[in-house]
Amino acid sequence: MATTLIKNGTIVNSGETYKADVLIDGERISRIGSTLSRKADNVVDARGQYLVPGGIDVHTHLAMPFGGTVSSDDFYTGHKGAAFGGTTTHIDFCIQSKGESFEKSLKTWHDKADDKACIDYGFHMAITDLNAKTMEELPKLPSMGVTSIKLFMAYKGVLQVDDDTLFQAMRIAGKSGILSMVHAENGDVIDTLVSEALEAGNTSPAWHGRTRPHLCEAEATGRAIAMSGLADAPLYVVHMTCESAVDQLRLGQKQGLKVYGETCTQYFMTSQADLERPGFEGAKYVCSPPIRTKHDQEALWKAVADGTLAVISTDHCPFNFKGQKDLGKDDFSKIPNGMPGIEDRMYMTYDRGVRKEKISMNKWVELNCTNPAKLFGLYPRKGTITVGSDADIVLWDTKATKTVSAKTHHMNIDYNTYEGKRIRGLPTKTFRRGHLIVDDGEFLAEAGSGRFLRRERVKL
Ligand code: URP
Ligand code: ZN
Ligand code: ZN
């Protein structure tokens, strides 16, 4: 196995920052020291750069059938984008089709990933059909390497589950060391508001936001939290967008419940004003829950800084503006829901978070790398630069600048959420398990070299 010595860099973990050399032996970190003089097959000079753990994006939808189409990044193009952005691991949602066993659904997702993967990946199981058979199968998910489930409280008639399913699934999950995740929005109320808007002739993308008010999210968040207490099961609320929902989470945490929350890059940086852009432009920003207000953006920065929210992910679910988003040209409810971002997360949150002094660089690592690993059964194998960990290391140049654009990004999508934004602070080299997979703009990973991660049961 080849050895690589990264010299003269500064390591940034969630709890410490220090200058050190790092020796990689094969796929793992074998030594960290102030001046390692050992010979190595490859020597990389990281002078002036930071070494941060490879990013972990725990919320993605690659090649997912949704809204009458399929998300445009597969496990090759999505992974390529991720690697360029400094992300070396992600967890994708495997969606159970109605009537299907979890084993069968997982086989479908493994087939999508196996020979395309370039970074490491795991799966959450999104439950759409909890019946006698799947209730029996649920505790066996950890033996398939899957230790988290997801339940949708919205998307009525498609993915939404009722409260009974929510409670029963959480209860079994809690007993089995499986973390329950929820998409928290009141799908029934939204369904009514959407029908009323359409009946009144309101069809533009702006109505996506207007028919999914923040109270729908706050109500469902509070309900899911109460349910997790009743079920005695830890809960992780995905893609939280607004102050009123975060208040519910804070209350649950104050009550001593094991409840955790995530937000996504776009909720800090886009708002209803983007949905209101002229023409059909707003369709680029249609995702659920919807992007909110400047006030909510500030509330989210505060919540990540004070630890109420534990994770930043992307909810990467890309649909091309031409040929996919336009399915909803005459009816906003037919616009496929989702936005791209797997490539942009680390540098957008560095630039807008660390550089603008909303969070420290250690906090940024905690939110993007360490907490995702801890909450999803990957720590300390991933999410930290420590002896014995996988050598997932990103060299970060705080002086490098670029203008974000779909013309230069690597994701398979015809627009970028952050088009035209000038940023400072970028990854220059990405190591995944000791392999240099991005080297100053060159992609070196082979399709199929990414590995499925069997995750540990979560003890929260
Ligand atoms: O709009 C979104 N978020 N699309 C992906 C599915 C989901 O709700 O996470
Ligand atoms: Zn969702
Ligand atoms: Zn999602």
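Residues numbered from 1 in each chain as written. Chains lettered and ligands numbered in written order. Predicted model: local features only at pLDDT ≥ 70, side-chain atom pairs only at ≥ 80, totals over all residues. Heavy atoms only, no water.

Caption draft 1: Representation of the layout of surface pockets within the structure. Taken as a whole, the largest pocket encloses approximately 670 Å³ of empty space. Lining the largest pocket are 28 residues, and of these Phe 66, Gly 67, Tyr 155, Val 158 and Ser 333 lie nearest its centre. Those elements that place two or more of their residues in the lining of the largest pocket are β7 (65-66), α2 (102-113) and α5 (187-199). Per-class residue counts for the lining of the largest pocket are 14 nonpolar, eight polar and six charged. Taken as a whole, the second largest pocket holds about 200 Å³ of empty space. Phe 84, Glu 343, Tyr 347, Lys 402, Thr 408, His 410, Leu 426, Pro 427, Thr 428, Val 438, Asp 440 and Gly 441 are the residues that line the second largest pocket. The dominant element in the lining of the second largest pocket, judged by the number of residues it contributes, is strand β17 (residues 422-432), at three residues. In the lining of the second largest pocket, the residues fall into five nonpolar, four polar and three charged. (1 Å grid on protein atoms, 1.4 Å probe; cavity = no way out; pocket = protein on both sides within 12 Å on 5 of 7 lines; lining within 4 Å. Points joined across faces, edges and corners; volume = space filled by probe spheres on them. Helix = DSSP H or I, 4+ residues; strand = E, 2+ residues; numbered from the N terminus. Nonpolar A, V, L, I, M, F, W, Y, C, P; charged D, E, K, R; others polar.)

Caption draft 2: Summary view of the side chain of Ser 105. Secondary-structure assignment places Ser 105 in helix α2. A distance of 2.7 Å separates a polar atom in the side chain of Ser 105 from a polar atom in the side chain of Glu 100. The residues contacting Ser 105, other than those within four sequence positions of it, are Cys 94, Ile 95, Gln 96, Ser 97, Glu 100 and Met 125. (Polar contact = N/O pair within 3.5 Å; in protein donor to acceptor, adjacent residues only side chain to side chain. Contact = heavy atoms within 4.5 Å.)

Caption draft 3: Main features of the pattern of salt bridges. Tallied over the entire structure, the rule returns 28 salt bridges. The salt bridge partner of Glu 27 is Arg 433, with a shortest N-O separation of 2.9 Å. One end of the pair, Glu 27, is in the loop between β2 (17-25) and β3 (28-33); the other, Arg 433, is in the loop between β17 and β18 (435-439), and 406 residues separate them in sequence. No difference in accessibility class separates Glu 27 from Arg 433, as the two residues are buried. (Salt bridge = Lys/Arg side-chain N within 4 Å of Asp/Glu carboxyl O. Buried < 20%, exposed > 50% of the residue type's maximum accessible area, 1.4 Å probe, protein only.)

Caption draft 4: Region of the structure containing the packing of helix α8 (residues 243-254) against helix α11 (residues 294-305). As a packed pair, α8 and α11 sit with axes 9 Å apart at the nearest point and diverge in direction by 30 degrees. Comparing the axis directions of α8 and α11 gives the class roughly parallel. Where α8 approaches α11, its residues Glu 243, Val 246 and Arg 250 are matched on the opposing element by His 295, Asp 296, Ala 299, Leu 300, Lys 302 and Ala 303. In terms of residue class, the contact of α8 with α11 is made up of four nonpolar, one polar and four charged. (Axes fitted to C-alpha atoms, helices over the stretch in contact; angles between N-to-C directions. Parallel < 35°, antiparallel > 145°, perpendicular 65-115°, else oblique.)

Caption draft 5: Spotlight on the side chain of Thr 87. Structurally, Thr 87 can be placed in strand β9 (residues 87-95). Within the local environment of Thr 87, its side chain forms a polar contact with the side chain of Arg 345, the two groups lying 3.2 Å apart. Discounting chain neighbours no more than four positions away, the residues touching Thr 87 are Gly 55, Asp 57, Ala 82, Ile 119, Ile 342, Arg 345 and Met 346.

Caption draft 6: Main features of the site of ligand 1. Of all residues adjacent to ligand 1, which total 14 residues, the nearest are Tyr 155, His 183, Ser 288, Asp 315 and Asn 337. In the environment of ligand 1, an oxygen atom lies 2.8 Å from a nitrogen or oxygen atom belonging to the backbone of Ser 288. Here Asn 337 contributes a backbone N or O atom positioned 3.0 Å from a nitrogen atom of ligand 1. Against a free-state accessible area of 260 Å², the protein chains account for coverage of 100% of ligand 1. (Near = heavy atom within 4 Å. Areas by Shrake-Rupley, 256 points an atom, 1.4 Å probe, with all protein chains shown as cover.)

Caption draft 7: The packing of helix α12 (residues 345-354) against helix α13 (residues 361-375), seen in detail. One can describe the packing of α12 onto α13 by two numbers: an axis separation of 10 Å at closest approach and a directional angle of 150 degrees. Of the two possible hands of crossing, α12 and α13 adopt the one that is right-handed. Here Arg 345, Met 346, Thr 349, Tyr 350 and Val 354 of α12 lie close against α13, whose contacting residues are Met 361, Trp 364, Asn 368 and Cys 369. Per-class residue counts for the contact of α12 with α13 are six nonpolar, two polar and one charged. (Left-handed = near helix turned anticlockwise from the far one by under 90°.)

Caption draft 8: Main features of empty space enclosed by the protein. One pass over the full model with this rule turns up one cavity of 30 Å³ or more. Quantified by volume, the largest cavity comes out at close to 110 Å³. As for the largest cavity, its lining consists of 17 residues, and the residues nearest its centre are His 61, Tyr 155, Ser 288, Asp 315 and Asn 337. Classifying every residue of the lining of the largest cavity gives seven nonpolar, eight polar and two charged.

Caption draft 9: Highlighting the coordination of the zinc ion (ligand 2). Every protein donor of the zinc ion (ligand 2) is accounted for by His 183 (ND1) and His 239 (NE2), and the metal-donor separations fall at 2.1 Å. What the four donor atoms of the zinc ion (ligand 2) show is an angle range of 57 to 151 degrees at the metal, which sorts the shape as irregular. Here the zinc ion (ligand 2) and the zinc ion (ligand 3) are spaced 3.8 Å apart. One end of the pair, His 183, is in strand β12 (residues 179-183); the other, His 239, is in the loop between β13 (235-237) and α8, with 56 residues separating them in the sequence. Judged by its relative accessible area of 1%, His 183 falls in the buried class. (Donors = N, O, S within 2.8 Å, 3.2 Å for Na, K, Ca; no water. Tetrahedral: all angles 85-135°; square planar, octahedral: opposite > 155°, others 65-115°.)

Caption draft 10: Representation of the domain arrangement of the protein in the model. The domain boundaries assigned to the protein delineate domain 1 (3-52 + 389-443) and domain 2 (55-375). Here the C-alpha centre of domain 2 lies 27 Å away from the C-alpha centre of domain 1. Counting residues at the interface gives 40 residues for domain 1, matched by 48 residues for domain 2. When domain 1 packs against domain 2, close to 3,700 Å² is buried across both sides, 63% of that on carbon and sulfur atoms. The three residues of domain 1 that bury the most area against domain 2 are Tyr 415, Tyr 418 and Phe 443, which together make up 20% of that side's buried surface. Taken together, domain 1 and domain 2 are joined by one salt bridge. Note that Asp 120 is salt-bridged to Arg 433, the shortest N-O span being 2.7 Å. Here domain 1 is connected to domain 2 by 20 residue pairs in polar contact (both at pLDDT 80 or more). Secondary structure elements with two or more residues in the side of domain 1 that touches domain 2: β5 (50-53), β16 (393-403), β17, β18 and β19 (442-443). If one sorts the elements of the side of domain 1 that touches domain 2 by residue count, β17 sits on top with nine residues. (Domains from an automatic or database assignment. Buried area = accessible area lost by both parts, 1.4 Å probe.)

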